[in-house]
Amino acid sequence: MHKIHIIVLSIFITACLNINSANNIKKHYVDSISSFNKMLAKEYKDFADTAFKDGMWLDYIHFKNKSRNAALGKDVSPEDIAKWKSPESEINNLIWARGRLNDFTIDSVKATYPYQLAHSQMLFDCWVERAARKMQPEKIEECRMDFVLEMASLENHLIPVH
């Protein structure tokens, strides 16, 4: 019986040490993730939660994965328009918008304006997703206008006025 207690105690101590070690690694890893990725993770989590509430289960999983990848410090790109079945009437606008967003997705902007850039990327993805799902025009317009306004604000910060 004494040997069993020693074995159980050894397993318990080992587990505690492993948990403490894992927590230290996790804390170090989370602290090393850029502000941009932290904000992007939050933006995608919130958007995924909205998709869940709307019963859009596949979109929920898709955007939750984007949130997880951003939280892990991975590069997370704006949606690829070709992978969504967007209406023809939206394609040219989406191509223009993605190009504009890509112009700003550089390290200096990520470091200086992490929230604005992360929010802009999520709004672009919102626009793509809602257009492809052929949601009510006002929901598509809301994402589009919010994206355009956020990008204009970002541009005002970055481009000096003469």
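Residues numbered from 1 in each chain as written. Predicted model: local features only at pLDDT ≥ 70, side-chain atom pairs only at ≥ 80, totals over all residues. Heavy atoms only, no water.

Looking at the protein, pLDDT values average 85 and 79% of them are 70 or higher. For the stretch residues 21–29, pLDDT sits under 50, and the model shows 2 contacts to residues farther than four places along the chain or on other chains. (pLDDT = per-residue confidence, 0-100. Contact = heavy atoms within 4.5 Å.)

As a further point, take the nonpolar core. Grouped together as the largest cluster of nonpolar side chains are 32 residues, with contacts concentrated most on Leu 40, Leu 117, Phe 124, Trp 127, Phe 147 and Leu 154. The greatest single-element share of this core, amounting to 10 residues, is contributed by helix α6 (residues 114–132). (Core = buried A, V, L, I, M, F, W, Y, C linked by side-chain atoms within 4.5 Å. Buried < 20%, exposed > 50% of the residue type's maximum accessible area, 1.4 Å probe, protein only. Helix = DSSP H or I, 4+ residues; strand = E, 2+ residues; numbered from the N terminus.)

Under the counting rule described, the total for this entry stands at 8 salt bridges. Notably, a salt bridge pairs Asp 46 with Lys 42, separated by 2.7 Å at the nearest N-O pair. In this pair, Asp 46 and Lys 42 are both assigned in helix α2 (residues 35–53), 4 residues apart and thus about one turn of the helix distant. On the basis of relative accessible area, Asp 46 is assigned to the partly exposed category, the value being 32%. With relative accessibility at 44%, the residue Lys 42 sits in the partly exposed group. A salt bridge links Lys 66 to Glu 79, with the shortest nitrogen-to-oxygen separation between them at 2.7 Å. A residue pair is termed long-range when its members are at least 10 positions apart, and Lys 66 in helix α3 (residues 57–71) and Glu 79 in the loop between α3 and α4 (88–104) qualify at 13 residues. Judged on exposure class, the residue Lys 66 and its partner Glu 79 are both buried. (Salt bridge = Lys/Arg side-chain N within 4 Å of Asp/Glu carboxyl O.)

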